[in-house]
Structure formats: C-alpha cells, structure tokens
There are 4 protein chains.
Amino acid sequence: MKEEILDKRSAVLKATLELISEQGFHGTPMSQIAQRANIGVGTIYRYFSSKEDLINGLYIDIKTRMTRYVFRDYSENISVSVGLKQLLSNVIHYFIENPMELSFIEQYENSPLITDATREMSMHAAEPLKALFKRAMEQNILKELPFDMLGALFSGAVISLAKLYLSGTAGFDEIYLNAGVDAIWDMIKR
Amino acid sequence: MKEEILDKRSAVLKATLELISEQGFHGTPMSQIAQRANIGVGTIYRYFSSKEDLINGLYIDIKTRMTRYVFRDYSENISVSVGLKQLLSNVIHYFIENPMELSFIEQYENSPLITDATREMSMHAAEPLKALFKRAMEQNILKELPFDMLGALFSGAVISLAKLYLSGTAGFDEIYLNAGVDAIWDMIKR
Amino acid sequence: MKEEILDKRSAVLKATLELISEQGFHGTPMSQIAQRANIGVGTIYRYFSSKEDLINGLYIDIKTRMTRYVFRDYSENISVSVGLKQLLSNVIHYFIENPMELSFIEQYENSPLITDATREMSMHAAEPLKALFKRAMEQNILKELPFDMLGALFSGAVISLAKLYLSGTAGFDEIYLNAGVDAIWDMIKR
Amino acid sequence: MKEEILDKRSAVLKATLELISEQGFHGTPMSQIAQRANIGVGTIYRYFSSKEDLINGLYIDIKTRMTRYVFRDYSENISVSVGLKQLLSNVIHYFIENPMELSFIEQYENSPLITDATREMSMHAAEPLKALFKRAMEQNILKELPFDMLGALFSGAVISLAKLYLSGTAGFDEIYLNAGVDAIWDMIKR
DNA sequence: CATGAATGAGAATTCATTCAT
DNA sequence: CATGAATGAATTCTCATTCAT
C-alpha cells in the first residue's frame, strides 16, 4: 500500500501531477484531485491555500527533485566537459523517465499562472548549472556567449529532444539519443 | 482607423491574440475578446463555432503567416547552407517581431486544447523545412540524424533563444543574436 | 415547384408546423424556420410581429382548416345522430391525416404560450359543435350533461384515440378505429 | 416551518413543479427554481445532472405518487366493475387535488423532452391498470377492444374531464363529476 | 420589400472555496 | 483535523429581434 503511506501533501501533489499532465490545469477540478488522492476536497486547503498555490507548490517540488537527480553524480573532481555531458544526459533521462513532469513543466512555464517568486526560485535551481558553465568558460571549453544564452540554447534543445523521444513517433533508440546529446554539445562547446 | 478597416473575423483574431498572450486561454473570457474587438459577443460565434474553434483558428492563422514570412526569401538557387542560416535567422526575427504570437504558440502547443487535425496541419507547414533538410543531407552538410530530430533540436533552440531575447533580461543585441544563430548551426551541421 | 408558389406567409406557417411538431417550440429557432421556408429571417417579421405571434397564427390557421374539414359534409338535413357520428369520424381522420397538426395542437394547448384571445377564438370554432349538441339534446339523443362536459369527454377521447393510432404501436386498422368511434358515441349518447 | 424540514431534493422538485406548472419549462430558469427552493443554483446540480434530468425526475416522482394514490384502495377482493369505477374516480380526484401535477404531466407528455426511458417507466406504472382490464375482459365486462385502446379512451376522457373541472368555467359540482365518470364507464363497458 | 449580419440579454452549467459537522 | 455539501460568481453559448443595405 505504498500509496497510503504517502503523507497527504505528497498524495495531493502526485494526484495533481497525474491529472494535470493529461488534462491541463483548467481541465482538472480540485474535486477530482481530491478524489484521486483519496482525501476530501477541504483537506487540500490544509496544505495549499488555493489552486494556484498548489500548482506553484507542485512546480517547486518537481524542480527540486529534478535538480537533485540531474546533479546527483556531479563532483568537482571530474572534468568539466565530462561533467557537462553527464549533466546533459541526466536531464534527458530525467524527462524520459518522468514524462508527466515534463508535460507539467512545459504547461506551467508557458502559462500566466507562473509567479515571479516561483520564477526566482527556478533561477536559483539553475545556479549549479551556471557554476559549471563558469568553470567551463574559464577553461575555454564553451563558446564565448552569455551564460543565460548558453543555458537557453542548451535547455531548449534538450527539452525538445526529450519531447520528440517521448512522442514515440520517431522510434529512435538510445544510440540516436546519444547522437542528439552530442549535437547539443557541439552547439555550446567552443 | 486601421483597426476599423479590419473585417470582423480578423478583428476577433487580433483581439484574441493580444489578450490570450498575456492572460492565457482561461484568463480570457469571450466577452472580453468581443469588447476588445469592438463587436458583440454573439458576433464571434458567426465566425467561430466555439472558443476552442477560435483558438484553433488563431493558431492556424499564425502558423500560416509565420511560414510565409520565414520562407519569403528562400529559393532553390541559393546554396543550402545559406538558405538554412537565413531560415534560422528569419524564424528568430519573426518571433522577436511578433512576441505575442510566440507566447500564444508556446501556450497552445503545450496545452491539451490542441486538436489532432491542427497538429496535422502544423506538420504540413513544416514540409518546406523538411525538403530543405533533405537537400542538405544529400550534400552531406548536416549531421546524420533523423529529420524529426534535426527539426526538434533546431526549433527547440531557436524558440528558446527568441524567448531569452524577448525576456529582455539578457540585454544582448543583434551581434549576440547572430552568435546564437551560429551556435545552433553548429549543432546541426556535420 | 409547388413550394415556391406558396405565398410567403403560408410558407412560414408550413415550415413552422413541420419543425415545431418534431422539435418543439423552443427547439426551433426563427432562423431555422426561415431557412426551411426559403426566405430571410427578417421577412418572417413582415408577417408576424414576434415568435409568439407566429405560434398563435399557426394555431388559428390549423384550427380554421380543421373546422372546415370536420364540418365539410355536415348539413341540417341529415339526422343528428348520423351527423354526430360523421363528425366524430371526421375529427379522427383529420388528425390521422395531419399528424403534425395534432402534435402541434397538443403542445400548444398545454403550454403557457396560449393567449386568452386565442383561447376565445378557439371557443368560437367550437360553436358549430355546440349547435349540433343542442339539436341532439332537444331530441333526447345525448346524456343530460353540460355542453362543455360533453365536448370535453368527446374531444379528450377522440384525440387520445388518434394519438394511439398514430403511435403505430397498437397496429390496429380502420375496423378497430370504427369500434373506437362507436365506444366514444356510447359515452355521450343517452 | 414544514418547508424547511423538506430535504433539498424534495424542495427542488416542489419548486420546479410550482413554477413549471404555471410558467412552462422554458419560462422557468434554474435560478428561479433555486430561489423558490431557498438554495443556491449550484445545489440543484448535486441532485440532478441537468435541467432535463430534473424534469424527468419530477415526472417520475409525480407518476409514482399518483399511481400509489390511484390504487390505494384497490384489492383483488372487490368486484372488477366496482374496482374500475373506483379507479376512475380516484384518477379524477387526484388531478383535481393536484392541479399543478396535471398541468405538468400534460406539458411533459406532449413535449419533445420526454425520454424513451421515462416513457418506458410510465408504461410500467400502467401495468396494474392493464391487469385490472384483463380481469374485466375475462368477465366479459368490457368492450372487445385492445387494451391500449381502452386505456387511451379511458385516460383521454378522464384527463379532459379533470381539466374542465379545474378550469372552473363549468362550475359543476361533485354530482356532475359522477355523471361524467358514469359516461366514461359507458364508453368502455360492454 | 427582402435580407441576414450584428447584437446582447438571458440561460444552463461549472468549480474554487468555505464552514458546519 | 478531515470532510464534502452548499454556494454563487463567472463563463460559454443561443437566439429573438433589429436595421442598414
């Protein structure tokens, strides 16, 4: 009964993610979330002050877990280029293994629901990446472009690749995926 | 009074784009669209059978205009690599000049509102790009990757770059933009 | 092109009857009536001041034609009992031959749309029947009941019989119909 | 405060009956029903999935109560002819005592809103009457006509009589009513 | 006269949020 | 604390009616 062990807050987040990733924010009433989470509607409001707060909470939760996953094997000991490629690969794999989270993030980041505070928080989560970029710049490994720009190109391409993979239409395997990762690397490397 | 010369259907599309790009689909009631378009609510329904139909119609309208813009200077006479770089540059500039359209497209393509029929139509619009890629492949100019993948990497990076530019935070100019375009080129070129 | 010979007013009435008998008042927009009548919506308003007026006009039209049909072979020369039975039979046959009119009348008479003026008019149409009843009373042919009551019993049973016949479920033929008419006759005859 | 003791579902049905019987289906908005029932609009939808469902629910409710009333004193011990006359009388009295229900039933049964499922249910409610007719046929008490036809003649006349009585114009009393009942009896008896 | 595009009042329905139990 | 019935503001959509052409 893994599901029942989940504390209520987590159960709500899980239900929200599942439902929103396929039905969208506005296609998902609070009542349905409560039902899926096996709790009463009112209970959601003990953990989140409003639906918007819930959405934001879910975003933060996902971003946190993702950052942890993506940097899990990073250490200052490994070379920058290895580190960056590993990072790249991790991001892709995170999304491939968590397609609902990708779907949610894409919806959320392009919606007007996103709070400035949340955006701020998201920036903060990107700090480690920035640090890595900085080290790479110092070693003349990356193109001489603003950090933000490298990040944007990088993440835009990565997410797009993950989406293509998940769409299933392409039908390409791990090998192609690696080729894609290499291509992205070509984009940012000097 | 340019606005009043617009036929009503166009006025509705214009109003919808403006409002949705900043408030989102669900933050924008039909009544507000009507108001902005200076017509009655009922009139919208003479041109679009439902709100969903309106959204889809707007998407198709935008995609059509964008495709026209992006391929406007393309000809079979120019070299493939020049053509591709021009294309790249055009896409970026289209979005920079039409930020609301970028915002709308991003919302729409990640929402559950998107119809299969519309997705189909969108594929169709990508045909010229595919043809160009094909020519490039034959000349061994591009990496040996599936078309879909090249397209995904390409568009993901381009859109991401345009968004960064528009966010204004980067504050970089045309020169940097060109550097970005070159980086994207590095990603797909052999 | 019989349809096109019809003057517009009649075309509107015909279209209204057809549509309302199957879709009901509120399931039938004015625009649909116009379409079926092959005229513009606005034109309806040249002949009828409002939808309500149209409905009332249709009712009066139907009642008039029905009364004419039902009394078509009546004359003071034939005996009262023959005349009454003939009348009875005529009413049934009118409805059987004009099912849409029956459907419309039943809807209309039970709806709150019916005007006092129209009800008045309807009474007036029943005058010949009353006269016939009076003659019958004087000859001690009918039960000693108020005219209104005889009329109510009579018309209630007749309409009910016609509806049953038209429902088709009973599947009975002309012979049974005559037996039904006889039964109704038993109800009012002394 | 009898009204306030009513559970909400019943309060809604009561309000609906009152309003519809005088204003018709389409003259009665959900908001008005809610107001009359002293509840919020949304609450109606906890008990009925739509306005149509509400109307159907009301019809079933009324038919159930009416059937109970009409057969309340029926038993297999009493003679068939007494039973039938009692039934006849009960139907009339039910409608006289519940004029709004008569009005509603008449509107509903002649409207295109009626569902096949509901019609089915209504047939089912007529079973006891059919059984009684059957017994009567076996004893050669009724005319040799199909059950459906006897039922149609019977109910058509009864309802018509009740309506006349309620219209108040006739101004006849219980005695006349009984005479009417006798007349109807003459119609179906052998 | 005929037309049908334009209108907006009005209706059904949904759903985030509250609060009595 | 947890619940879910109750609420009503807000939204989409329809359609009778008008009036410029």
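Rules used throughout
- Residues numbered from 1 in each chain as written.
- Chains lettered and ligands numbered in written order.
- Predicted model: local features only at pLDDT ≥ 70, side-chain atom pairs only at ≥ 80, totals over all residues.
- Heavy atoms only, no water.
- Near = heavy atom within 4 Å.
- Polar contact = N/O pair within 3.5 Å; in protein donor to acceptor, adjacent residues only side chain to side chain.
- Helix = DSSP H or I, 4+ residues; strand = E, 2+ residues; numbered from the N terminus.
- Nonpolar A, V, L, I, M, F, W, Y, C, P; charged D, E, K, R; others polar.
- Axes fitted to C-alpha atoms, helices over the stretch in contact; angles between N-to-C directions.
- Parallel < 35°, antiparallel > 145°, perpendicular 65-115°, else oblique.
- Left-handed = near helix turned anticlockwise from the far one by under 90°.
- Contact = heavy atoms within 4.5 Å.
- Expected span 1.5 Å × (residues − 1).
- Buried < 20%, exposed > 50% of the residue type's maximum accessible area, 1.4 Å probe, protein only.
- Buried area = accessible area lost by both parts, 1.4 Å probe.
- Salt bridge = Lys/Arg side-chain N within 4 Å of Asp/Glu carboxyl O.
- 1 Å grid on protein atoms, 1.4 Å probe; cavity = no way out; pocket = protein on both sides within 12 Å on 5 of 7 lines; lining within 4 Å.
- Points joined across faces, edges and corners; volume = space filled by probe spheres on them.
- Least-squares fit on C-alpha atoms with pLDDT ≥ 70 in both.
- Domains from an automatic or database assignment.

(A) Structural context of the protein's contact with DNA strand F. Lining the immediate surroundings of DNA strand F are 29 residues, of which A:T43, C:M30, D:T43, D:R46 and D:Y47 lie closest. Sugar and phosphate atoms form 68% of the subset of DNA strand F atoms that lie within 4 Å of the protein. Within the backbone of D:G40, a nitrogen or oxygen atom sits 3.0 Å from a phosphate oxygen of DNA strand F. Contact distances for DNA strand F include 2.6 Å between a phosphate oxygen and a side-chain N or O atom of D:Y47. Elements with a contribution of two residues or more to the surface near DNA strand F: α4 (41-47) of chain A, α4 (41-47) of chain C together with α4 (41-47) of chain D. Taken together, the residues that form the surface near DNA strand F break down as 13 nonpolar, 10 polar and six charged.

(B) Looking closely at the packing of helix α7 (residues 99-109) of chain D against helix α10 (residues 147-167) of chain D. Residues and elements named next belong to chain D. Between α7 and α10, whose axes approach to 11 Å, the crossing angle comes to 130°. Considering their axes alone, α7 and α10 lie oblique with respect to each other. For α7 against α10, the interelement crossing comes out left-handed. Taking contact as the criterion, the partners of P99, L102 and E106 in α7 are, on α10, I159, A162, K163 and L166.

(C) Local environment of unusual backbone geometry. Within the chain, A:N140 stands out as a residue other than glycine whose phi angle is a positive 55°. Residue placement: A:N140 occurs in the loop between α9 (127-138) and α10 (147-167).

(D) Spatial organisation of helix α2 (residues 8-23) of chain B. Residues and elements named next belong to chain B. The end-to-end C-alpha separation of α2 is 22 Å, in line with the 22 Å expected for 16 residues at 1.5 Å each. Here α2 has its buried residues at A11, V12, L13, A15, T16, L17, E18, L19, I20 and S21. Of the surrounding secondary structure, the elements contacted by the buried residues of α2 are α3 (30-36), α4 (41-47), α5 (51-70) and α7 (99-109). Just downstream of α2 lies G24, where phi reads positive at about 85°.

(E) Main features of the interface of chain A and chain B. Of the residues lining the interface, 31 residues belong to chain A; the matching set on chain B comes to 31 residues. Counting the surface chain A buries against chain B, the share from its top three residues, A:N110, A:M149 and A:L153, is 21%. In this structure, the connection of chain A to chain B is made through two salt bridges. The salt bridge partner of B:K143 is A:D186, with a shortest N-O separation of 2.9 Å. Where chain A touches chain B, the interface holds six residue pairs in polar contact (both at pLDDT 80 or more). Those elements that place two or more of their residues in the side of chain A that touches chain B are α2 (8-23), α7 (99-109), α10 and α11 (174-188) of chain A.

(F) Up close: the interface of chain C and chain D. Chain C puts 31 residues into the contact, and the matching count from chain D is 31 residues. With both chains or domains summed, chain C and chain D bury close to 2,400 Å², and 73% of this area falls on carbon and sulfur atoms. Summed over the shared surface of chain C and chain D, the result is two salt bridges. Put simply, chain C and chain D have six residue pairs in polar contact (both at pLDDT 80 or more) between them. Where the side of chain C that touches chain D is concerned, the elements lending two or more residues are α2 (8-23), α7 (99-109), α10 (147-167) and α11 (174-188) of chain C. Top contributing element to the side of chain C that touches chain D by residue count: α10(C), with 11 residues. Tallied by class, the residues present in the side of chain C that touches chain D amount to 15 nonpolar, nine polar and seven charged.

(G) Just empty space enclosed by the protein, in detail. For the structure shown, the criterion picks out two cavities of 30 Å³ or more. If you add up the space inside the largest cavity, you get close to 40 Å³. No other element matches helix α6 (residues 80-97) of chain C, which puts four residues into the lining of the largest cavity. There is about 30 Å³ of room inside the second largest cavity. Looking at the second largest cavity, the residues that line it are A:V70, A:F71, A:D73, A:Y74, A:G83, A:Q86, A:L87, A:N90 and A:L132. Counting residues per element, the lining of the second largest cavity draws most heavily on helix α6 (residues 80-97) of chain A, which supplies four residues. Residues belonging to the lining of the second largest cavity are distributed by class as follows: five nonpolar, three polar and one charged.

(H) Spotlight on the relation of the copies chain C and chain D. For the pair chain C and chain D, the best superposition has an RMSD of 0.2 Å and corresponds to a rotation of 179° with a translation of 0.0 Å parallel to the axis. Such values leave the two copies arranged in the relation of a two-fold axis. In this assembly the copies share their binding face: 100% of the residues contributing to the interface of chain C also contribute to that of chain D.

(I) Quick look at the arrangement of the chains. Kept free of each other, chain B and chain C leave a smallest C-alpha distance of 13 Å between them. The two units chain A and chain D are non-contacting; their minimal C-alpha-C-alpha distance is 13 Å.

(J) Focus on the protein's contact with DNA strand E. Near DNA strand E, the surroundings consist of 29 residues, among which A:M30, B:T43, B:R46, B:Y47 and C:T43 are the closest. Residue C:G40 places a main-chain N or O atom 3.0 Å away from a phosphate oxygen belonging to DNA strand E. Those elements giving two or more residues to the surface near DNA strand E turn out to be α4 of chain A, α4 of chain B, α4 of chain C together with α4 of chain D. Classifying every residue of the surface near DNA strand E gives 14 nonpolar, nine polar and six charged.

(K) Seen up close, the domain arrangement of chain A. Residues and elements named next belong to chain A. Along its sequence, chain A is organised into domain 1 (1-48) and domain 2 (52-188). Computed over C-alpha atoms only, the centres of domain 1 and domain 2 are separated by 27 Å. Contact residues are listed per partner, giving 14 residues for domain 1 and 15 residues for domain 2. Both sides of the domain 1 and domain 2 interface together cover about 1,200 Å² of buried area, and 80% of this is carbon and sulfur. Three residues stand out in domain 1 for area buried against domain 2, namely L13, L17 and F25, and they jointly supply 49% of the buried area on that side. Across the contact surface, domain 1 and domain 2 share zero salt bridges. Linking domain 1 with domain 2 are two residue pairs in polar contact (both at pLDDT 80 or more). At the level of secondary structure, the elements contributing two or more residues to the side of domain 1 that touches domain 2 comprise α2, α3 (30-36) and α4. In terms of residue count, the dominant contributor to the side of domain 1 that touches domain 2 is α2 (seven residues). Here the side of domain 1 that touches domain 2 is built from residues that sort into 10 nonpolar, three polar and one charged.

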